[in-house]
Amino acid sequence: MAMKPNQFKEFLKKSLVEMPHRPIFVKGPVGVGKSDTVSQVVEELGWEFDDVRLSLLDATDMRGLPAIDKEKRETIWTKPEFLPRENDNKDRLLFFDEWNTAPKSMQNALLSLMLGRQIGEYKLPSRTRVAAAGNRIEDVGSFVSKQTPALNNRGIHIEFQTDFNDWKQWAIKNRMHPMVMGYLQWKQGEGLHRFKEDVDTDAFPTPRTWSFLGLPEVEIEKGLTQSGVLYLGLDNGILAEAVKGTIGQGEGLEFMGYWKLYKSLPDPKDILLKGKDIIPKEGNVMFALCASLVHLVRDHQDKINRLVEYSMKVEKEFSVVLIKDMLKTDMKDKLMSCKAFDEYVKMNKEIIIG
């Protein structure tokens, strides 16, 4: 029932293809990437994706408005815009987000769609799949309503769990800021997600808010880009307040303490490009340096062999971090085929197998 992000991703992809008429319900903590994971799967499949926020609708929005068929002298129901046309033949996912914060009337309408794949006279196209996501009662309290057994029995229920290693794989791929990577590695993932429903706080750390903090500039639509807070070039005073406003007061103070290492960090270019064997003694500095080296080598993949050589000169704990993080990237094949990697495997066979 409970799955880590990569496990859920694999399950969802296979179930959408091989069980097209079996609804999937996924629940999990706030801000852990449930909806993003669903969106990624659909994008990888190359399907259409209709994202509907169920909590913003009421029952009439789902069924549509009544109209009169003058020829038949009967009442008919107009189709809401977010439902695909009945003759649609594209593979698509109709995704209902925030489904368990919707009013009971909406959940009953959803039950009809799940049970018979139709509402009133409207029928879902055969190639349209249905999935829904929501939060757990323990995370958002009274905002989440308990589902009826009738609705619960209409699909497969999965609990989405956070996992630091899965998140790292995603973060490395998306070039998360190395200081975020180093900080969370230093804390062994402890600060990745912290949320208590009974604590009065505006901001708190989640995979979502760490991305607000540390993702580089990306194009969100043509001509419009967006950067993480750490890339805004703010002075430390303003940056500290922005960080606390992104990941919370407590985590923000801890992170800013770690951020002070940034200016004293050895230049990773000296190690990777100039061949200098600079090995700091402090563990927190080494975690930040390892993240910076993995970040840098992606732009200098001809230096992968050099980085493996360096990894064999540092303490095993940091050597493992360097190699395993590189194995999580698109550099995996180049890494495993470089000359120094053969020597590394002979020295650390148990690490690679593990």
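Read on for a plain summary of the structure. As the structure is a prediction and not an experimental result, all values here were calculated from the model.

Thresholds applied
Residues numbered from 1 in each chain as written. Predicted model: local features only at pLDDT ≥ 70, side-chain atom pairs only at ≥ 80, totals over all residues. Heavy atoms only, no water. Salt bridge = Lys/Arg side-chain N within 4 Å of Asp/Glu carboxyl O. Helix = DSSP H or I, 4+ residues; strand = E, 2+ residues; numbered from the N terminus. Core = buried A, V, L, I, M, F, W, Y, C linked by side-chain atoms within 4.5 Å. Buried < 20%, exposed > 50% of the residue type's maximum accessible area, 1.4 Å probe, protein only. Contact = heavy atoms within 4.5 Å. Phe/Tyr/Trp six-rings, centres within 6.5 Å; stacked < 30°, edge-to-face > 60°. Pairing = 2+ DSSP bridges. Polar contact = N/O pair within 3.5 Å; in protein donor to acceptor, adjacent residues only side chain to side chain.

1. Focus on the pattern of salt bridges
In step 1: Per the stated rule, a full pass over the model turns up 23 salt bridges.
In step 2: Measuring nitrogen to oxygen at the nearest pair gives 3.0 Å for the salt bridge that ties K244 to E241. Pair noted here: K244 and E241 are both in helix α10 (residues 236-247), with a separation of three residues, about one helical turn.
In step 3: When salt bridges with common partners are traced through the structure, they connect K187, E190, R194, E251 and E254 into a single cluster.

2. A look at the nonpolar core
In step 1: Judged by nonpolar contacts, the single largest core of 55 residues is most densely connected at W167, V180, W210, L213, F255 and Y310.
In step 2: Not counting the four nearest positions on each side in its chain, W210 is found in contact with W167, M176, V180, Y183, L184, G191, L192, P205, I247, E251 and F255.
In step 3: Listed in part, the 20 residues of the second largest apolar core include A102, I119, Y122 and A132.

3. Considering helix α8 (residues 178-186)
In step 1: When you tally the buried positions in α8, you get eight out of nine residues, the bulk of the element.
In step 2: The complete set of buried residues in α8 reads P178, M179, V180, M181, G182, Y183, L184 and Q185.
In step 3: Of the surrounding secondary structure, the elements contacted by the buried residues of α8 are α7 (164-173), α9 (207-214), α11 (249-259), α12 (261-264), α14 (283-297) and α16 (316-327).
In step 4: Directly beyond the C-terminal end of α8, a positive phi value near 55 degrees is found at Q188.

4. Considering the packing of aromatic side chains
In step 1: This model, assessed by the stated rule, comprises 15 aromatic pairs.
In step 2: Ring centres 6.1 Å apart and planes at 20 degrees place the aromatic pair F164 and W167 in the stacked group. Highlighted residues: F164 and W167, both in helix α7, separated by three residues, approximately one helical turn.
In step 3: Overall, the relative accessible area of 14% leaves F164 in the buried class.
In step 4: Centre to centre, the rings of Y183 and Y258 are 5.6 Å apart; their planes meet at 65 degrees, and the pair counts as edge-to-face.

5. Section: the pairing of strand β10 (residues 156-160)
Consecutive side chains along a regular strand alternate between the two faces of the sheet.
In step 1: As defined by bridge partners, strand β1 (residues 2-3) adjoins β10 across two bridges and the pair is classed as parallel. Note on β10: the bridge partner recorded for A2 is E159.
In step 2: Relative to β10, strand β2 (residues 24-28) runs parallel, the two sharing four bridges. Opposite K27, over in β10, you have E159 as the bridge partner.

6. A word on the side chain of D88
In step 1: The topology assignment puts D88 in the loop between β5 (74-77) and β6 (92-97).
In step 2: The buried category is assigned to D88, whose relative accessible area is 17%.
In step 3: Within the structure, D88 has its side chain in polar contact with the backbone nitrogen of K90 (distance 3.4 Å).
In step 4: Setting aside residues up to four positions removed in sequence, D88 forms contacts with P125 and T128.

7. Describing α9
In step 1: Here α9 lies mainly inside the structure; six of its eight residues are buried.
In step 2: Buried residues along α9 sit against α7, α8, α10 and α11.

8. A look at the environment of K123
In step 1: Topologically, K123 is positioned in strand β8 (residues 122-123).
In step 2: Separated by 37 residues in sequence, K123 and E86 have C-alpha atoms that sit 6.2 Å apart.
In step 3: In contact with K123, not counting residues within four places along its chain, are E86, R117 and Q118.

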